[in-house]
Amino acid sequence: MLPAGNKPPPRVPIRCTLLPVQIRLVVNPHASTTTPERRLAVESVLAERHDVSVAVTERRDHATELTRVAVAEGVDAVAVLGGDGTLNEVANALVGTRVRLFALPGGGTNVFCRTLGLPDDPVVAATELMDAHDKGSVRRLGVGTIDGTGLGGRDHRHFVFHTGVGWDAAVVAVVEHHSKWKRRLGHALFVYAGIRTFFGTYDRHRPHFRVELDDGTKIHDAFFAIVMNSDPYTFVGHRPFVVDPDNSAETPFTVVALRSMRLRHFLAVMADALRGKGLKERPSLVLRRNVTGVTVRRTTSLPYQVDGDHLGDAAELRMSYRPDALTVVVPGAAT
């Protein structure tokens, strides 16, 4: 107790010197905007305050293997320099752990990094993430879990921002087939693939699959569906493609199913998304929020992509929301 009338002494800020942590930097050298110079610059930023080791991917799914090794060796954090596909592979190995994730933009679109509000320059992003980490600025984010059966469907996979079923998966398949042009053409390759798929290779006359949601909604005539774990869905240049501005990785899914691929219906959906206010339900489009479980069953075909990676064609997909699954360093997050 202080004597009556006395004021407590002013508090003196205490600065804590954080001990260095172990960071494993996973690099995809073939990602669209990753160069040796950028890799070295990012490594230098991380190494200014912490102990950094580097692992370089050599093939698909290698980032998951490298990250599992890093976790087993006791690292405190994993930084990933690559595109959204590499980010997804790293995240798959970190789900359910307390190892922190640093997402650095090294691909062409970098949806997850942009969703977190990070700059496009990986060196600047690395500096911001180091500051955020040392302030304890982290978030526990939810992920989607997907199980696929038949025709090349993976047994089990997590996704951090979305899974696309149908038309967009077919578009991603075309892009991956021409992957050698991805670094040079960037978004132009996606535009080409989208037009080619819409007018040529994708059947726009017969529905491809059925969708069942945990709220009882059943859609028997779907051509294209997106299960959103965050928003936006993607970016067209620097313009976000907004599906549901209220959706985030801290809330259950928003699910959109397109029941018509007629050009006028499709263009109306694209226009709504590019305006930035989100999609609205209409006869050709079903939209449901706060969905925790989704089942998709094939009628003619079921191509699907997870966080921008085409994973093949499945007979059935089951998706569920898993909250508080991934520890991510985010500038400005509440501690």
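Structural data are supplied above this passage.
Peer 1: An account of the pairing of strand E1 (residues 22-27) is requested, with residue identities and associated values reported.
Peer 2: Of all six residues in E1, five are buried; the element is thus mostly enclosed. Bridge count for E1 against strand E2 (residues 51-56) is six bridges, and the pairing is parallel. In the sheet register, Gln22 faces E2, and the bridge partner there is Asp51. In this region the chain leaves E1, passes through helix H1 (residues 36-47) and returns to the parallel neighbour E2; the handedness of that crossover is right-handed. Judged from the five bridges that link them, E1 and strand E3 (residues 77-82) form a sheet pairing that is parallel. Across the sheet, the residue bridging to Leu25 is Ala79, located in E3.

Peer 1: Pulling in residues and values, what's your account of empty space enclosed by the protein?
Peer 2: Across all of its chains, the model carries two cavities of 30 Å³ or more by this definition. As a volume, the largest cavity reaches approximately 80 Å³. If you trace the largest cavity, you find it lined by Phe224, Ala225, Ile226, Phe241, Val256, Ala257, Leu258, Phe266, Val269, Met270, Leu279 and Leu285. At the level of elements, strand E10 (224-228), strand E13 (253-258) and helix H9 (263-274) are the ones that each hand at least two residues to the lining of the largest cavity. The class makeup of the residues in the lining of the largest cavity is 12 nonpolar, no polar and no charged. Quantified by volume, the second largest cavity comes out at close to 40 Å³. Forming the boundary of the second largest cavity are Val80, Gly82, Gly83, Asp84, Leu87, Ala103, Leu104, Asn110 and Cys113.

Peer 1: Before we move on, can you summarise the pairing of strand E17 (residues 309-313) with the specific residues and values?
Peer 2: In terms of strand pairing, strand E16 (residues 303-306) meets E17 through three bridges, oriented antiparallel. In the strand pairing of E17, Val306 is matched with Asp309. Taking the residues that link successive antiparallel strands as the turn, the E16-E17 hairpin has two residues, and the phi of Asp307 there is positive, at about 50°.

Peer 1: Describe the sheet that holds E17, with residues and values.
Peer 2: Reading across the sheet, the six strands line up as E14-E13-E10-E7-E16-E17 and stay open at both edges, with antiparallel pairing between neighbours. Of all the strands in the sheet, just strand E14 (285-291) and E17 have a single pairing partner and so form its edges. Each adjacent strand pair in this sheet contributes to an overall mean axis angle of 15°, direction not counted. Sheet analysis places strand E7 (residues 162-166) next to E10, joined by five bridges and oriented antiparallel. Across the sheet, Gly164 pairs through a bridge with Ile226, a residue of E10.

Peer 1: Provide a residue-level description of unusual backbone geometry, including the pertinent values.
Peer 2: Of note, the bond from Asp231 into Pro232 is cis; its omega dihedral lies within 30 degrees of zero at 10°. Tracing the sequence through the fold places Pro232 in the loop between E10 and strand E11 (234-236). One non-glycine residue with positive phi stands out, namely Asp307, at about 50°. Among the structural elements, Asp307 can be located in the loop between E16 and E17. For Asp307, a relative accessible area of 0% translates into the label buried.

The rules behind the values
- Residues numbered from 1 in each chain as written.
- Predicted model: local features only at pLDDT ≥ 70, side-chain atom pairs only at ≥ 80, totals over all residues.
- Heavy atoms only, no water.
- Buried < 20%, exposed > 50% of the residue type's maximum accessible area, 1.4 Å probe, protein only.
- Helix = DSSP H or I, 4+ residues; strand = E, 2+ residues; numbered from the N terminus.
- Pairing = 2+ DSSP bridges.
- Right-handed = clockwise from strand over helix to strand, strands pointing away.
- 1 Å grid on protein atoms, 1.4 Å probe; cavity = no way out; pocket = protein on both sides within 12 Å on 5 of 7 lines; lining within 4 Å.
- Points joined across faces, edges and corners; volume = space filled by probe spheres on them.
- Nonpolar A, V, L, I, M, F, W, Y, C, P; charged D, E, K, R; others polar.
- Axes fitted to C-alpha atoms, helices over the stretch in contact; angles between N-to-C directions.

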